[in-house]
Amino acid sequence: MIPAWTGQAVRDAERPFLDAGEGPALMRWAAHGLALECVSVLRRARGSVAGAKVVVLAGSGNNGGDALWAAADLRRRGAGVEVISTGGRLHEPGADAVRAAGGRCAALPDMGIGTAARMCLAADLLLDGVLGTGAEGGLRGPVGELVERVNQGLPERSRRTSRRPQVVAVDLPSGVEADTGRSPGEVLGAVSTVTFGGTKAAHVLPPGRWLSGTVSNVAIGIEGGLPVPAVVELEDRDLDLLWPRPTPADHKYTRGVVGVVAGSPRYPGAALLCTRSAVAAGAGMVRYLGDENTRSLVTLSNPEVVSSDEDPVDVHVQAWVAGPGAVDDDQRRRIDQVLASEEPAVLDAGAIAAVGQLLGERRLDARQVLTPHAGELVELLTWCHAWGLIERAPSREEVEGDPAGWAGTAATATGATVLLKGAVTVVAAPSGGPVVAVANGSPWLASAGSGDCLAGLAGTLLAHVAGRPDRFDRQVQDWLEAAPLEGGALEGFRDHVSGDGRWALAAALAAVLHGRASTAGGEGPAPCRPEYIRAALTSGNPHPRA
Ligand SMILES: NC(=O)C1=CN([C@@H]2O[C@H](COP(=O)(O)OP(=O)(O)OC[C@H]3O[C@@H](n4cnc5c(N)ncnc54)[C@H](O)[C@@H]3O)[C@@H](O)[C@H]2O)[C@@H](O)CC1
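Rules and cut-offs
- Each residue is numbered by its place in its chain's sequence as written, counting from 1.
- Since the coordinates come from a predicted model, pLDDT governs what is reported: local features require at least 70, and pairs of side-chain atoms require 80 or more to be given and counted, while whole-chain, interface and lining totals use all residues.
- Excluding hydrogens and water, the side-chain figures rest on all heavy atoms present in the structure.
- Each helix is a run of DSSP H or I of at least 4 residues and each strand a run of E of at least 2, with the numbering of both proceeding from the N terminus.
- When accessible area is computed with a 1.4 Å probe and restricted to protein chains, residues below 20% of their type maximum are described as buried, those above 50% as exposed, and intermediate ones as partly exposed.
- Any pair of N or O atoms that falls within 3.5 Å is considered a polar contact. Within protein, one atom must be able to donate a hydrogen and the other to accept it, and sequence-neighbouring residues count only if both atoms are side-chain atoms.
- In this description, strands pair whenever DSSP reports at least two bridges between them.
- To define axes, lines are fitted to C-alpha atoms, for helices over the stretch in contact only, and angles between the resulting N-to-C directions are given on a 0 to 180 degree scale.
- Near, as used in this document, describes a residue that has one of its heavy atoms within 4 Å of the molecule or strand being considered.
- We get accessible surface area from the Shrake-Rupley algorithm with a probe of 1.4 Å; when it comes to residues, only the shown protein chains can shield them.
- Computed over the protein atoms alone on a 1 Å grid, cavities are sets of points where a 1.4 Å probe fits but cannot get out and pockets are open sets with protein on both sides within 12 Å along at least five of seven lines; a residue lines them when it has an atom within 4 Å of a point.
- In this description, a molecule resides in a pocket or cavity if more than half of its atoms sit within 2 Å of the grid points defining it.
- Throughout this entry, Asp, Glu, Lys and Arg are counted as charged residues, while Ala, Val, Leu, Ile, Met, Phe, Trp, Tyr, Cys and Pro are counted as nonpolar. The remaining residues, Gly among them, count as polar.
- For every residue, the predictor reports its confidence as pLDDT, a number between 0 and 100.
- Residue contacts are defined here by distance: any two heavy atoms, one from each residue, within 4.5 Å place the two residues in contact.
- The domain limits used here are those given by an automatic or database domain assignment.
- Values labelled buried area give the accessible surface lost by two parts on being combined, using a 1.4 Å probe and summing over both.
- How far a helix is expected to stretch is found by multiplying one less than its residue total by 1.5 Å.
- We call a set of buried residues a nonpolar core when its members are Ala, Val, Leu, Ile, Met, Phe, Trp, Tyr or Cys and they connect through side-chain atoms within 4.5 Å of each other.
- Grid points are joined across faces, edges and corners, and a volume is the space filled by probe spheres set on the points.
- UniProt positions are given in the numbering used here, feature names are shortened, and annotations may be inferred rather than shown by experiment.

Residue placement: K200 occurs in the loop between strand 7 (192–196) and helix 8 (201–204). Overall, the relative accessible area of 0% leaves K200 in the buried class. At 3.0 Å, the side chain of K200 forms a polar contact with the side chain of D171.

As C-alpha cells, this is what we get:
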C-alpha cells in the first residue's frame, strides 16, 4: 500500500514544527535526502558526482530552498553548480550555502531564456526546485517559457550526445498540481522525484504519476500528524494478503455464488469471458443467465457453470455481474432486476447505461460497483447532469486529466462505488474518503474483452465479501496492522474500509488481480486468459488465516 496525501495535508502536518521554529531543520533533513538521491542518479548516469554539471532551477519558496541546500552538498562533493533563480528572489540561507561551497547563482531575467535553456540542456543533472506544494496553477511567465524551450531541446541533445540531463524534481515536478496530478502547462518530466513528509496524490495519479519518474519519500518527522490519506495505491502484495482463499471449513456457498447477466446472441463472448474469469478467480459457484445458444457456449467452455434462462428475481446469489455484451431485451430486463436487487453488483457496459436512466428515479448504493472507462464515465456524468445531480458534465479529456476527481464526482452523484478503468484505475466510494488507485497492469490490458474479465473476477470478490463479511473484515484488520499509516491516518482509514469504503477496497483488489493476471502470462497481448488469473492467484500467499 502506498498512501498519498494532498499538499495541504502535508503542509498542515508541518505547521506545528514551523511554529516551533523547526522549519530550517526540516529543510535540512529534506535537502539531505534529496542530495543523496542526486548522488545516486549521477553515479548511475555518469559514474561519479565529481566533475558533474549540476544546474538548479530555484523558485523563491521553500521548494527552491530545498534544492539550494542539496546543491551546496553536491558542490562539496565536487560537482559544478549553477543556480538559475526563477522567482523574484532566492531562499537566502540556501543561496548563501551554495555560494560558500563555490557554486554560482544568477537570475533568469539577467541571463535570458536562450542562455538558460542552453545551460539546462548541457547539464548532467537538472534539479527542478521551481515550485512545490505552494504552487498555484502551472508554470507561468519566463520560467514556463524556459521549461518549454528545454523540453523542445531534449530530443536533439539526446541525439547528439546519447546522454540527456537527468531531471530530479524536488517534492513535485513543477507545474503539477499536488492534489490531483493535473498539469495545466509545461512540465519537466523527471527521472526521479524526492518528496518529503509523505507521498502526494500527484505522484500516484496520472498525469503527474508519469511526470514524476521514480518517487522516493524522505521522512522528516511530521508523519505522525498526517490525516487520512487522499489516495491509497494498492500493490501486488496487498492482493496476497487480502484475496480470500478457501479454508478446509468452506463449501461452495460460503465461498460465494456469483450470478452473471452478460452476453447475448450478438455478443456471446462477453458471457464466456465473465463466467470464465469468475470461475478462475475462485467463486464457489457461478450461475449464468442468458439465451440458449450462449448458455451452450458457456457450458462447453466451463462445465461447472450452472446456466438457465431464469430471471435474477428467481435465483439466489451473493453478488451479481451485469452488463457486458448484454444488449437484447431479455438481458436488459434482467439488468433492471439486478439494479433493483439487494445483492452487491458489478455494473458494467450496458448496465452503466441503464443506471444513467435510473438516476432520474433514485440513486444507487455503495455495494453497487460501476466499472466505466473514461468514455462511459462521461456518458454517465452527462446523465447525472441531465437529472440535475451535478452542475456540468466533463469532456473525455477532462476525465483523463483528473480521473480521481471525476470518479469521486460520479460516486457522490450516483451513490454507487465507481471504479474508473485506465492505466491507473481509480476507485471512489460514494461517501468520499480515500480514492483507491491501482497501476500494476500491463498496457496490454487496454484491449477488447479485458473489462469483461475484470467484471467477472470482481463479481467473485463481491460475492465473497457479501457472503463472509466477518472474514473479509478480519483480513482487512490484519492487513492494516502492517500498513504504513499511523495515528489518525490509520484510524480514519480503518473506519473508511469498515463502512462504505469496503466495496471500493474490494473493487480495487479485483483490479489488482486483473493487473497481475495481465503480466502473469508474460507481457503478451492476451491479458484475460483464465489460466493467467489462476497463475496470478497462486503466486501469492497460500496459507491465509481461517
Ligand atoms: N511541507 C513540508 O513538510 C516541507 C516542505 N518543504 C518544501 O517546501 C515546499 C513548499 O514551500 P512554499 O510554501 O514556500 O511553496 P513553493 O516553494 O512551492 O512555492 C511558493 C512560491 O512560488 C510562487 N508561485 C506559486 N505558484 C506559482 C506559479 N504558478 N508560477 C510561478 N510562481 C508561483 C509563490 O508566489 C511563492 O513565492 C514543499 O514543496 C517542499 O519542497 C521542505 O522544505 C521540508 C518540509
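Turning to the sheet that holds strand 15 (residues 368–370), a few remarks are in order. Strand order in the open sheet formed by eleven strands is 1-9-18-17-16-15-14-13-10-11-12, with mixed pairing between adjacent strands. Here the strands that pair on one side only, and so sit at the sheet edges, are strand 1 (2–4) and strand 12 (306–308). Ignoring strand direction, the axes of neighbouring strands in this sheet form an average angle of 20°. Sheet analysis places strand 14 (residues 345–347) next to strand 15, joined by three bridges and oriented parallel. Within the sheet, the bridge partner assigned to A345 lies in strand 15 and is Q368.

Next up on the list: the site of the ligand. Surveying the vicinity of the ligand reveals 23 residues, the closest of which are N62, D66, G132, G138 and D171. Between T133 and the ligand, the recorded distance is 2.9 Å, taken from a backbone N or O atom to an oxygen atom. Measuring from a nitrogen atom of the ligand, one finds a backbone N or O atom of E136 at 2.8 Å. Alone, the ligand offers 880 Å² of accessible surface; in the complex the protein occludes 82% of this. Of the pockets mapped on this structure, the ligand occupies the largest pocket. In terms of residue class, the shell around the ligand is built from eight nonpolar, nine polar and six charged.

Of the residues in the chain, 97% reach a pLDDT of 70 or more, and the chain-wide mean stands at 92. Here residues 541–546 is a poorly scored stretch, pLDDT under 50, and it has eight contacts once near neighbours within four places are set aside; other chains count.

Attention shifts here to the domain arrangement of the chain. Interface size is commonly expressed as the accessible area that is lost once the parts come together. With domains assigned, the chain is organised as domain 1 (2–227) and domain 2 (237–538). The gap between the C-alpha centroids of domain 1 and domain 2 is 40 Å. With 14 residues of domain 1 at the interface, the matching set in domain 2 holds 13 residues. Here domain 1 packs against domain 2, burying approximately 960 Å² in sum over the two surfaces, 72% of which is carbon and sulfur. If you sort the residues of domain 1 by the area they bury against domain 2, P3, L205 and P206 come out on top, with a joint share of 35%. Inspection of the domain 1/domain 2 interface yields zero residue pairs in polar contact (both at pLDDT 80 or more). Counted by class, the side of domain 1 that touches domain 2 contains nine nonpolar, two polar and three charged residues.

Taking 1.5 Å as the rise per residue, helix 16 (residues 374–386) with 13 residues should run 18 Å; its terminal C-alpha atoms sit 18 Å apart, in good agreement. Residues A374, G375, E376, L377, V378, L380, L381 and C384 constitute the buried set of helix 16. Each element contacted by the buried residues of helix 16 is listed here: helix 15 (350–358), strand 15, helix 17 (396–401), helix 18 (403–414) and strand 16 (417–420). Two residues or fewer after helix 16 comes G388, characterised by a positive phi angle close to 75°.

Moving on, we get to the pairing of strand 13 (residues 319–322). A two-sided burial pattern is seen for strand 13, the buried positions comprising A319 and V321 on one face and W320 and A322 on the other. With four bridges joining them, strand 10 (residues 257–261) and strand 13 adopt parallel strand pairing. Counterpart to V261 in the pairing with strand 13 is A322.

Now for the nonpolar core. Counting residues in each nonpolar core, the largest one holds 107 residues, and the members touching the most others are L34, V56, L127, L234, W479, L480 and L513. Element by element, the count of residues in this core is highest for helix 22 (residues 501–520), at twelve residues. Counting contributing residues per domain, this core is built from domain 1 (2–227) and domain 2 (237–538), each supplying no fewer than three. Among residues more than four places away in sequence, those in contact with V56 are A67, A71, V81, E82, V83, I84 and L127. C384, I390, A416 and V418 belong to the second-largest nonpolar core, a separate cluster that totals 49 residues.

Next up on the list: the side chain of S174. For S174, the position within the fold is in the loop between strand 6 (166–170) and strand 7. Looking at S174, its side chain comes within polar contact range of the side chain of D128, at 2.5 Å. Discounting residues that sit within four places of it in the chain, S174 has contacts with D128, G129, V130, L131, L139, E186 and V187.

To continue, consider the layout of surface pockets. Quantified by volume, the largest pocket comes out at close to 890 Å³. When its residues are assigned to classes, the lining of the largest pocket shows 17 nonpolar, 16 polar and ten charged.

Our focus in this paragraph is the UniProt feature "binding site: AMP" (unreviewed entry) in the chain. The feature "binding site: AMP" (unreviewed entry), as given by UniProt, occupies K421, G422, A423, V424, T425 and G451 in the numbering adopted here. The largest pairwise C-alpha distance within this set of annotated residues, which runs over 31 residues, is 14.1 Å, so the set is compact in three dimensions. Locating G422 in the fold gives a position in the loop between strand 16 and strand 17 (425–428). Take G422: its relative accessible area is 42%, and that puts it in the partly exposed class. Residue position: A423 is located in the loop between strand 16 and strand 17. The residues touching A423, leaving out its near neighbours within four places in the chain, are W210, V438 and A439.

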